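As a plain string of letters, each chain reads:
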Amino acid sequence: MEHTDVVIIGAGGAGMMAALTLAKAGRSCVVLEKGKHLSVSNAARAGGPSLADTLLQEEENCTVSAEMLFRHMYGFSRGTVDGGLLYRCIRNGRKVEALLRESGIQLRLTEDLYSVGFRARHFFETPAPQRWELLAKKLEEYGGRVVLNACAGELLTENGRICGVLAVDGQSGEQTAYYGKAVIIASGGYLGNEEMLKQHFGDITVGPLGSRLSDGAGIAMALKAGGMEDRSWGICAGEFGGYHSRMKGRFPGNMRWAMTGGLLVDREGRRFMDEQLLADQPLSVGGEVTLRAGSYYAVLDEAFYQGIRSARSVYDFYGRPEEWKTGKSALDRGPWPFPEDLERDISEGWAFCCGSLEEAAAHFSLPFLEETVTRYNAMCEAGQDTEFGKNSWLLKPVAKAPFYVFAYEPSAWCTIGGVKTDAFCRVLDRKQKPISGLYAAGVDNGSCYCAPYYDTEGACLGLAFTSGITAAEHILGNWSA
Ligand SMILES: Cc1cc2nc3c(=O)[nH]c(=O)nc-3n(C[C@H](O)[C@H](O)[C@H](O)COP(=O)(O)OP(=O)(O)OC[C@H]3O[C@@H](n4cnc5c(N)ncnc54)[C@H](O)[C@@H]3O)c2cc1C
């Protein structure tokens, strides 16, 4: 049995920021981490957070104010998140930057890759394992600590109040009760829980690009304690290309056909989206559409394949349209594709190359493929997408054999959706009353992330960091001995 002021579940983005805030203010805290190493969390491996009002932005004369970022994100959410919570979190950007700097972690500001109109995304310059070691070291200096191999499994209650966590040591199997005045759940979502993914998205595969240690345990604990789920369920989708569970190497080159703006069809061979959405907003809206489709296929002909191959980049291939901002910022890199990959990808069962669309349709059971291509080619000829309205420069016919078809499934860096909280990260019961002593932060918090995921790159980690601080500050502000 151990006693501390606050018990935190998960040493990821939200958990570590909460712990640093509490410990720096003089409160004792323990962070329970299921993994064997400090750097197992998604946050430890992430590129970087979007933040408002940072010194870095000030230095580069491109400040993104909290109001600006809030208005953008809240507008994007269409009111599906708790506005008070979102605003409170976004205002913590400068504090995140300060804690990272104090710990010795270097950041730089990135360009506006997905054309949102401002530069909120920061990128870690300090390499992955080292930056989490630095955070843990700073936490220790402040008097807090991380316990590795500690899998939180059950919340402890006393007189209707949450008063601790029962955790099992992953190596010895020993159980320890950690008591505290408050518990912050920050266990990183449910990407490692296939059943839960299927419960929300159906019998499809969502390729897990992040840690599978996050298996929904935090959400389950909060629900068991009387909490309720919020309503937005989704993913922060893989933006480097399509995914297929049969792919053996990670991110082979042929995954990128999903993001080129060319023809995509669903599991029956019908067109199902404006393909530019995946090219322009792969993390958010485009990813959401693939989650809805469940499985989808990129269909192209020899002219398209060779055309992109001989161009300098995808953006070059389409003639560098000035108005295509994301084409310029995100799709202007090459060389690609790599023909030597094709045989391997075909043997893995997710790629196919053949002399006729009839063969392709039979191979992947796409009964409407030929009909779809005929209609698509007519729109290419007319120069107008009368179905989904994509930009005319993306209309390239699928006419010249051989034909290439690549099968894809959605993939995710992490999940969206979780526990309903108030504007201070306090977990709410079904009557909307805070459950005494219980907080949820990071992607376990269902009230600050929307589905589709925000179009602001870095929002996942940004809100994980800032919601950790929001929870910690509420605990500090309401401390009574
Ligand atoms: C490779 C990669 C790159 C990414 N890049 C970016 C990026 O550039 N920008 C961005 O915004 N987002 C990015 N993301 C997503 C981002 O990392 C997550 O949204 C963010 O880490 C969520 O923070 P969190 O604190 O909620 O969870 P996490 O950081 O995932 O931390 C949760 C922690 O809880 C632990 N845990 C789980 N269950 C238990 C339990 N029962 N007991 C104890 N501990 C438990 C886990 O092991 C984990 O360490 C990336 C993700 C990955 C995988």
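Residues numbered from 1 in each chain as written. Predicted model: local features only at pLDDT ≥ 70, side-chain atom pairs only at ≥ 80, totals over all residues. Heavy atoms only, no water.

Asks: Can you walk me through the site of the ligand in this structure?
Replies: Lining the immediate surroundings of the ligand are 37 residues, of which E33, G48, R121, V443 and L461 lie closest. Between the ligand and A14, the relevant distance is 2.9 Å, taken from an oxygen atom to a main-chain nitrogen or oxygen of the residue. Between the ligand and the protein, one listed contact pairs a nitrogen atom with a backbone N or O atom of L32 at 3.4 Å. Among the secondary structure elements, those contributing two or more residues to the shell around the ligand are helix 1 (13-24), helix 2 (42-45), strand 7 (150-158), strand 17 (411-416) and helix 18 (459-477). For the shell around the ligand, the element with the most residues is helix 18, which contributes four residues. Of the residues that constitute the shell around the ligand, the class distribution is 20 nonpolar, 13 polar and four charged. (Near = heavy atom within 4 Å. Polar contact = N/O pair within 3.5 Å; in protein donor to acceptor, adjacent residues only side chain to side chain. Helix = DSSP H or I, 4+ residues; strand = E, 2+ residues; numbered from the N terminus. Nonpolar A, V, L, I, M, F, W, Y, C, P; charged D, E, K, R; others polar.)

Asks: Looking at this structure, I do not really get the sheet that holds strand 15 (residues 351-354). What am I missing?
Replies: Strand pairs in the sheet, formed through backbone hydrogen bonds, run parallel or antiparallel to each other. Pairing in this open sheet of four strands is antiparallel, and the strands run 13-14-16-15 from one edge to the other. Each edge of the open sheet is held by one strand with a lone partner, namely strand 13 (264-265) and strand 15. When strand 13 meets strand 14 (residues 296-301), the two strands line up antiparallel, connected through two bridges. When the sheet's bridge partners are listed, V265 is paired in strand 14 with Y297. The sheet strands contacting helix 12 (residues 302-310) are strand 14 and strand 16 (403-408), and the helix crosses strand 14 at an angle near 85 degrees. (Pairing = 2+ DSSP bridges. Contact = heavy atoms within 4.5 Å. Axes fitted to C-alpha atoms, helices over the stretch in contact; angles between N-to-C directions.)

Asks: How do you make sense of the environment of K24 when you look at a structure like this?
Replies: With respect to the helices, strands and loops of the structure, K24 is situated in helix 1. As a C-alpha pair, K24 and S284 span 260 residues in sequence and 35 Å in three-dimensional space. If sequence neighbours within four positions are ignored, K24 has contacts with L99, E102 and Y142. Reaching out from K24, the side chain makes a polar contact with the side chain of E102 at a distance of 2.7 Å.

Asks: Teacher, can you tell me more about the UniProt feature "domain: FAD-dependent oxidoreductase 2 FAD-binding" (unreviewed entry) in the chain here?
Replies: The UniProt record annotates "domain: FAD-dependent oxidoreductase 2 FAD-binding" (unreviewed entry) at residues 5-446. Measuring from the first to the last C-alpha atom of residues 5-446 gives 25 Å, for a span that is 33% helix and 19% strand. (UniProt positions renumbered as here; feature names shortened; annotations may be inferred.)

Asks: Would you explain the nonpolar core in this entry?
Replies: If you look at the biggest cluster of nonpolar residues, it comprises 72 residues, and the most contacted ones within it are I8, M17, I90, L100, L139, I184 and Y454. The biggest single contributor to this core is helix 18, with ten residues. In contact with Y454, not counting residues within four places along its chain, are M73, F76, S77, V81, L86, S284, C448, Y449, A459 and L463. Among the nonpolar cores identified, the runner-up in size contains 55 residues, and M259, M273, I308 and W324 belong to it. (Core = buried A, V, L, I, M, F, W, Y, C linked by side-chain atoms within 4.5 Å. Buried < 20%, exposed > 50% of the residue type's maximum accessible area, 1.4 Å probe, protein only.)

Asks: Help me understand unusual backbone geometry in this model?
Replies: Peptide bonds are, in most cases, trans, and in most cases residues other than glycine have a negative phi. The linkage connecting W336 with the following residue, P337, adopts the cis geometry, with an omega of -5 degrees. Note that P337 resides in the loop between helix 14 (325-330) and helix 15 (342-348). The peptide bond linking A401 to P402 adopts the cis configuration, its omega dihedral lying at 0 degrees. Tracing the backbone through its elements, the reader meets P402 in the loop between helix 17 (369-382) and strand 16. With a phi close to 55 degrees, S115 is a non-glycine residue in the positive phi region. Structurally, S115 is set in the loop between strand 4 (107-109) and strand 5 (122-124). A relative accessible area of 30% means that S115 is categorised as partly exposed. The backbone of Q432 sits at a positive phi, close to 70 degrees, despite the residue not being glycine.

Asks: What exactly am I supposed to notice about the sheet that holds strand 12 (residues 234-237) here?
Replies: Strand order in the open sheet made by the three strands is 11-17-12, with mixed pairing throughout. Single-partner strands in this sheet number two, and they are strand 11 (207-208) and strand 12. Here two bridges tie strand 11 to strand 17, and the two strands are oriented parallel to one another. Paired with P208 across the strands is A412, a residue of strand 17.

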